[in-house]
Amino acid sequence: MTERGMRTSCGALRAGDEGRTVELDGWVNRRRDHGGLIFVDLRDWEGVTQIVFAPEQDHFATAERLRHEDVIRVCGTVRRRPDGTQNPRLGTGDVEVGVARLEVLNRSEVPPFQVNADDAVDENLRLEYRYLDLRRPRMQRNLRMRHRIVKAIRDFFDAREFVEIETPMLIKSTPEGARDYLVPSRMHPGSFYALPQSPQMLKQILMVAGFGRYLQIARCMRDEDLRADRQPEFTQVDVEMSFVTQDEVLETMESCMRAVWKAALDVDLPPFPRLTYDEALRRYGSDKPDLRFGLELADVGHAFAASEFAVFASTLARGGEILALRYPGGAALSRRDFDALTELAKTHGAQGMVWIARAASGTKSSAAKFLSADEIAAVCDGAAAAEGDAVLLFAGDRAAVRATAGRMRLEVGDRCNLRDPAKFAFGWVLDFPYLDLDEATGKPAPAHHAFSAPVDDHWELIERDPMAVRAQHYDMVLNGYELGSGSIRIHRPDQQRKIFEMLGLDDAEIEARFGFFIRALGYGAPPHGGMALGIDRIAMLACGEDSIREVIAFPKNQVARDVMMDAPSGVPDELLHDLNLRTTLPGPHGR
Ligand code: ASP
């Protein structure tokens, strides 16, 4: 104890501390003047303590001028709050500190929004004053949760003898399917570094280098369109292991998540179900299914084998699918509600939607004229719809109709409150096709990346039918999000070359972009495999948030700007000159 009293956090004091002299530092969370006394809730990162100023004291006038977010130091005596004034919602709610000395350490401007509550505030304003936003309870909670998650990840891998190795930020492009961020080189005019889209090739080279168990909490940068679950830069737990089977990688990553959920949320996770890619699409219409609820899609084409309904008949004739989705309790919907649902389905790519409502008063349908009683019965049976339920029907080409029905499944899940953020349904999706059609270019591109190994006996398909090649590629999913991907890699240089050739690269391109990597594989690369999981998404879901910006201290806004620092921004012409760059855009610095 010093003469000033023992320095104490604002969350620590309890009834048992009565009579102690303490010193508290913190921010003015709230000030209330009444009964001639001034009450201040003093806040630091550990909690809030009520401190009380009495009028006879010298510092009373100063206390009267205290404003929200001023930073003060007080010294005083802990006493019990009078009966009836305790606050059971606060850990410190039984006590208060009668202030003997007050020191104002710093004043605060009037904050642009309330810091002491989590009221809704425009996100750009929050991001511009992020330091105030981060002081608020929700962000304090979220970033602490994120810390616990990352710590649990490191502890887990440390216990399994993984080595954390940092890889550089200034590298040659590692393709993960996005656009690179480029950094111009001053020393090598006209040349550029790329910021890593991931440490993929470097971690594989670490396998060649004999570090059989690698881990990195790695920053990745991808220049792509932003979404609630995407940022230009994000953090992954990046893992690679030598001499492993796919099952061993899955076991490792699954156990890691189990350890994280136990440590951070005290939740015991059940074993993660495994689905093949085909099964995920067939049952849930998505390769990142939300497994918190059932409502699986039912293929009811068989019910319409002899249908006179032209839409269904022509779909089946083309080899398309008719999918049924149960809507629990949906029979209570009005025609209007169904019309609105149909419009929504159209925004998700549906050509149209047929509904059947199994009300107690009888069955109704938007296509009553075209559907026989037998067909309706077979559909309800196929979709396991009971009285009181509705069934939504979608028809179309296989990939498209599955995607639409999958999105509508999520919609129905939302409407029926089946997507509880406090519930966690992890799962694995396995056996991905090697190639899919790139949305932007329409050309075949790796579903994961070009370093994944095809399934063993699919090598011979590469020339004959590349779209049929399957990869030893797996995704971990949680609540309808893809947490991350991984694969067993190619470890032989001739095979790696063959994949690049399948992707249409000629020898010169392969040499220029990947020559160093293929050479490394040629010096005794061990068989290896690994995975990366997005820490931002993990933290977002663990915190019950629906945007990763809520778990990142300084994220970019929706249009990739840092509105606090004002980045990106122009740079002085001299800097551009040093880099041998000139902008072709009008205005100062091309802005
Ligand atoms: N590099 C991959 C990614 O960022 C993960 C992996 O294959 O390990 O998605």
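Residues numbered from 1 in each chain as written. Predicted model: local features only at pLDDT ≥ 70, side-chain atom pairs only at ≥ 80, totals over all residues. Heavy atoms only, no water.

Turning our eyes to something else, we now look at a nonpolar patch on the surface. A cluster of nonpolar side chains, Tyr-131, Phe-554, Met-564 and Met-565, forms an exposed patch at the surface whose accessible area comes to about 440 Å². Secondary-structure assignment places Met-565 in the loop between helix H15 (535–542) and helix H16 (573–578). The exposure class of Met-565 is exposed, given its relative accessible area of 63%. (Patch = residues over 30% accessible without salt bridge, like charges linked within 9 Å, V, L, I, M, F, W, Y side chains within 5 Å. Areas by Shrake-Rupley, 256 points an atom, 1.4 Å probe, with all protein chains shown as cover. Salt bridge = Lys/Arg side-chain N within 4 Å of Asp/Glu carboxyl O. Helix = DSSP H or I, 4+ residues; strand = E, 2+ residues; numbered from the N terminus. Buried < 20%, exposed > 50% of the residue type's maximum accessible area, 1.4 Å probe, protein only.)

On to the nonpolar core. Counting residues in each nonpolar core, the largest one holds 44 residues, and the members touching the most others are Phe-157, Met-257, Trp-261, Phe-426 and Met-476. Examining the composition of this core, we find that eight residues originate from one element, helix H6 (residues 246–265), more than from any other. Apart from residues lying up to four places away in sequence, Phe-157 is in contact with Phe-162, Leu-215, Val-237, Val-239, Thr-252, Met-253 and Cys-256. Leu-325, Ala-357, Leu-392 and Ala-405 belong to the second-largest nonpolar core, a separate cluster that totals 23 residues. (Core = buried A, V, L, I, M, F, W, Y, C linked by side-chain atoms within 4.5 Å. Contact = heavy atoms within 4.5 Å.)

The next thing to look at is the sheet that holds strand S23 (residues 528–534). The strand order across the open sheet built from eight strands is S7-S10-S11-S23-S22-S21-S18-S12, with neighbouring strands paired in mixed fashion. Edge strands, defined here as strands with exactly one partner in the open sheet, are strand S7 (163–164) and strand S12 (274–276). Strands in contact with helix H5 (residues 200–208) are strand S10 (213–221), strand S11 (233–242) and S23; relative to S11, the strand with the most contacts, it is inclined by about 25 degrees. (Pairing = 2+ DSSP bridges. Axes fitted to C-alpha atoms, helices over the stretch in contact; angles between N-to-C directions.)

As a further point, take the environment of Ala-117. Residue position: Ala-117 is located in the loop between strand S6 (95–106) and helix H2 (123–128). Once you skip the residues sitting within four places of it in the chain, Ala-117 turns out to touch Arg-136 and Pro-137.

Aromatic ring pairs are described here by two measures, namely the spacing of the ring centres and the angle between the planes. Here the structure, examined in full by the defined rule, presents 19 aromatic pairs. Here the aromatic rings of Phe-156 and Phe-157 are separated by 5.0 Å at their centres, their planes lie at 90 degrees, and the arrangement is edge-to-face. For the pair Phe-338 and Trp-355, a centre-to-centre distance of 4.1 Å together with 5 degrees between the ring planes defines the contact as stacked. You can see Phe-338 sitting in helix H9 (residues 335–347) and its partner Trp-355 sitting in strand S15 (residues 354–359), a full 17 residues away along the chain. We classify Phe-338 as buried; its relative accessible area is 0%. Overall, Trp-355 belongs to the buried group, its relative accessible area being 4%. Grouped by ring-pair contacts, the aromatic residues Trp-261, Phe-272, Phe-424, Phe-426, Trp-428 and Tyr-474 constitute a single cluster. Over the ring of Phe-293 we find Arg-409; its NZ or CZ atom is 4.0 Å from the centre of that ring. (Phe/Tyr/Trp six-rings, centres within 6.5 Å; stacked < 30°, edge-to-face > 60°. Lys NZ or Arg CZ within 6 Å of the ring centre and 35° of its normal.)

Extensive coverage of S10 is indicated by the burial of seven of its nine residues. In this sheet, S11 lies alongside S10 in antiparallel orientation, the contact comprising nine bridges. Note on S11: the bridge partner recorded for Arg-219 is Thr-235.

Take the pattern of salt bridges next. In this structure the tally under the stated criterion is 51 salt bridges. Note that Arg-136 and Asp-133 form a salt bridge whose closest N and O atoms lie 3.2 Å from each other. Side by side, Arg-136 and Asp-133 carry an identical accessibility label, which is buried. Put simply, Asp-268 and Lys-262 hold a salt bridge, and the shortest N to O gap is 3.4 Å. The class of Lys-262 is partly exposed, set by a relative accessible area of 36%.

Pairing is antiparallel across the open sheet formed by five strands, whose spatial order is S13-S14-S17-S15-S16. The open sheet has two free edges, formed respectively by strand S13 (298–299) and strand S16 (362–365), since each of these has just one partner strand. By the bridge criterion, two bridges tie S13 to strand S14 (residues 321–327) in an arrangement that is antiparallel. Of the residues in S14, the one forming a bridge with Ala-298 is Ala-324. Those strands touched by H9 are S14, S15, S16 and strand S17 (390–396), and its axis lies near 30 degrees from that of S17.

Checked against the element boundaries, Arg-537 lands in helix H15. Not counting residues up to four positions away in its chain, the partners in contact with Arg-537 are Asp-229, Arg-230, Glu-482, Leu-483 and Ile-548.

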